[in-house]
Every structure is written in structure tokens, then in C-alpha cells.
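Residue-level listing of the chains:
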Amino acid sequence: MKAGKEGKILGISRNVFILGLVSFLNDMSSEMINPIVPSYLIDVLGIGKLLSGSVMGAVESMSSLFKVLFGYLSDRFKKRKTFVFAGYALSTAAKGALALTHSWWDFLTLRALDRVGKGIRTAPRDALIAESSEKGKSGKSFGFHRMMDTLGAVTGPLVVIGLIKILENLPKSTAYRYVFLLSALPGGIALLTIVLLVEDKGAKVKRRIQGISKLRDRKLQMFLIIVAVGALGRYSYAFTLWKAEELGYSVLQGMAFYALFNLIYALSAYPIGVYSDKLGKKKLITAGFGVAALASLFFAYARDVITLMTAFLLYGLYIAIEDTVPRAYMADLAGEHEKGTVIGAYHTVYGLFVFPASVIAGWLWRSYSLTHSFLFATLVNIIALVMMTFIPEETG
């Protein structure tokens, strides 16, 4: 379907649609390797539970250190596309190079580079999505983007299940390395798509008129505090797969549960984004913490397939809310001249507290049990939910 540069494709801004396609391809690449990472760390590299949890947490947190910086730089230089391309390029190269790893240190270094790539691209890309959105429909745009991103996350595990089946006669370490190499292919296609089809809106960023940044706004600051608290309850996806393994499910069966989680995420993200524009983003974010608490509670006491499936379903719904609505909420709060900076601040605060979340979960797992890890997350999300009730409702 054709559309002009300022037109629409399937009712979505052309630029947002293309960026959604890019994220589909990149996340397909990422999710070809993510489901096998927990097994690769423990079964191939031979590292323990606490270090595994710490490595996964460090990987999740690493990108966030750079998001506010590159969000600011994209505002400062009025360039979005350059940073988006550079970030995706670094991540694609790092994922393919995982085939060369032979120790947890090699692995962590390359995964850190992958996350640095994410840190470079995320805030400029989210600012570009906000700038390419119709007024009052930022939730719809971010919902569509997260849906496309997660459809890639659904496709990736299904592809890797097929690849593992094809490579099942090879040693596990060799099969995993082939998967790492092949994961770079969709990432390469995504890079070509950025170069050829994405329009940079950065040049249209308004010059800064006022000296006071929105980051000094008390409502925004309070929300960032709640983001930090809530992040302490967001353990790495790896813990959900370790839970499935603890109940006796194989790595391939765990991938199927993971694909179910991503399918729920993909199906929920777009309608949640649209609904947040109508109902109010603050209400959806508050509800998201409640869903997170329920998901963690179900994971904590899962002993059969129905309870475990329910946990994955709730987890998918929670992540769909968490990864969609706060981005749109921050974009709405930000001034026109600093969307990259403000969105980057959100990602940075969130990511800094995601790392200790996985470290704490790993320590509780080693010292007590996975049940305690999930119960801690339940408590933290309930606290974040209560704190959200003190933030004023949106106006206008």
C-alpha cells in the first residue's frame, strides 16, 4: 500500500509503520537467541544461578545508562535517524558475534554491546515515533510499535524451535552458535529498511524557548520515582523460563511458553495503546502494576500447566502495558524541544533499577527458592500501584 511521506499505512503514520517493521525484524533477531540464553549460560558456559541472574540483569540494565544521553544528543543535534541506525547496527553485529563466545565474560561483553546499541537508538526512536504521531494519539502509535516489536518476538522463538530441531544432532554448544549467527540476518534487513524508508523528523524539533526543563516538574519526578520502584519488581524473562524448567519442562517446551507470552503481548499492545488515549494513561499504568503483582503471584505458586500458563498470560498483558503506555505518557508530558531527553530519562531510571531487580531475584532463588523471588516482585508491584494513586489525573 502506497502512502506519501506524511501519509498513512493501514491507518498508522507512515513513519510509525516503517519503524514498527524495523522493530519486528530486529526483535525477531533478538528473540531467536533470547530463549536459548538461560540454557546457554548454565549448560554451555557452566555458570551458577546467582551469576546467571546477575549477568541477565546487567544485560537488561546496560542499555539504560546511555538512553538519556543519546536522547539528549538527538534533541541537541536534531537528528533521530542517525542514532536509530547506529544503535540497530551495533546490536546486529553483537548478536551475530555471540557465536564466538566461550566464557561468561565474552558473553557479557557482547551482550553489553548489544544493549549499548539499544541505548543509542531507543530514546531517539521513541521521540521519532512521538513526532510522527497524530495529536492526541501517541498511545495508538506506541501501541502499534510495541505490537510489531512483539510480533517479531513471537516469530523469533518459533524460528529457533525449528532451527534447534534441524540442528538437534549437533552438540548443544554448536547448535546454539549457529543460531547466534543466523540471528544477524533479519537485523541486516532492518538496517536496509532504516536507510531506505525512514524519514528523519529531528530537523523539525522546535528550538528551546524556556530555560526550565520538564524534568523539573514534580508530577514527572514523582512518576520517575514510581518507575524506579516498579522496576525492582521486573525480573528478567529468564526467571520465567527457569520456573518452567524447575517444573520439569524442557528447553523447547519453555520456548513454547515464552512464545505464548509474546503472543499475548503482541495482541494486547495495540488495543492497550488506543485505549490509553481514551481512558487515560495514568489509569492504565496503575492497572499494569496490579496485573504484574498477579502474574508474579501465579509464577510463585505454579505447580501445574494451567497455573503456569495463566502466569505467562498475565505476564504478557503486564509487559504490554508496561512497555507501551509509560512511553506515550512521558512523550505527552515532554516539551516539544526535549522529547528525546525526557523519554531517555524514563528509560534510564527504569533500566538502572532493573539490574538490582534481577540480582535480588537471583539471590532469593539461590538462598531460598524461585517462589521467594516472585513473591518479592509481587510486593514491590503492589507498592508501586499504591504510589500511582497519588499522581494527579491527566487534564485536557
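Refer to the structure printed above.
So, a few notes on the structure that sits alongside this text. Nothing here was measured: the structure is a model prediction, and the numbers come from that model.

## Examining the pattern of salt bridges
Once their charged atoms are close, side chains differing in charge can pair, the charge on each being opposite to the other.
Part 1: Under the definition given, this model contains 12 salt bridges.
Part 2: A salt bridge links Asp-114 to Arg-115, with the nearest nitrogen and oxygen atoms 3.3 Å apart. This pair shows no difference in class: Asp-114 is buried, exactly as Arg-115 is.
Part 3: For the salt bridge of Asp-277 with Lys-281, the shortest nitrogen-to-oxygen distance reads 3.0 Å.
Part 4: Taking the relative accessible area as the measure of exposure, Asp-277 reaches 22% and is therefore partly exposed.
Part 5: What makes Lys-281 buried here is its relative accessible area of 7%.
Part 6: What emerges from the salt-bridge pattern is a single network uniting Asp-75, Arg-80 and Glu-131.

## Focus on the side chain of Ser-141
Part 1: Its place among the elements puts Ser-141 in helix α7 (residues 138-166).
Part 2: By relative accessible area, which is 6% here, Ser-141 ends up buried.
Part 3: Non-local contacts of Ser-141, meaning those with residues more than four positions away in its chain, are made with Val-16, Ile-129 and Ser-133.

## Quick notes on helix α9 (residues 184-197)
Part 1: With 14 residues, α9 ought to run about 20 Å at 1.5 Å a step, and its terminal C-alpha atoms sit 20 Å apart, in line with that.
Part 2: Of the residues making up α9, those classed as buried are Pro-186, Gly-187, Ala-190, Leu-191, Thr-193 and Ile-194. End-on, the buried residues of α9 take up no more than an arc of 160°, which puts them together on one face. Pointing more than 90 degrees away from the buried face of α9 are the exposed residues Leu-185, Leu-192 and Leu-196.
Part 3: Buried residues belonging to α9 abut α1 (14-31), α5 (81-97) and α8 (172-182).

## Considerations on the packing of α8 against α9
Packed helices, taken two at a time, are described by the angle between their axes plus the distance between the axes.
Part 1: Interhelical geometry of α8 versus α9 gives an angle of 10° and a closest axis separation of 5 Å. When the axes of α8 and α9 are compared, the pair comes out roughly parallel. In this structure, α8 contributes Phe-180, Leu-181 and Leu-182 to the contact, and α9 contributes Ala-184, Leu-185 and Pro-186.
Part 2: Residue composition of the contact of α8 with α9, by class: six nonpolar, no polar and no charged.

Quick notes on the rules
Residues numbered from 1 in each chain as written. Predicted model: local features only at pLDDT ≥ 70, side-chain atom pairs only at ≥ 80, totals over all residues. Heavy atoms only, no water. Salt bridge = Lys/Arg side-chain N within 4 Å of Asp/Glu carboxyl O. Buried < 20%, exposed > 50% of the residue type's maximum accessible area, 1.4 Å probe, protein only. Helix = DSSP H or I, 4+ residues; strand = E, 2+ residues; numbered from the N terminus. Contact = heavy atoms within 4.5 Å. Expected span 1.5 Å × (residues − 1). Arc of directions from axis to C-beta. Axes fitted to C-alpha atoms, helices over the stretch in contact; angles between N-to-C directions. Parallel < 35°, antiparallel > 145°, perpendicular 65-115°, else oblique. Nonpolar A, V, L, I, M, F, W, Y, C, P; charged D, E, K, R; others polar.

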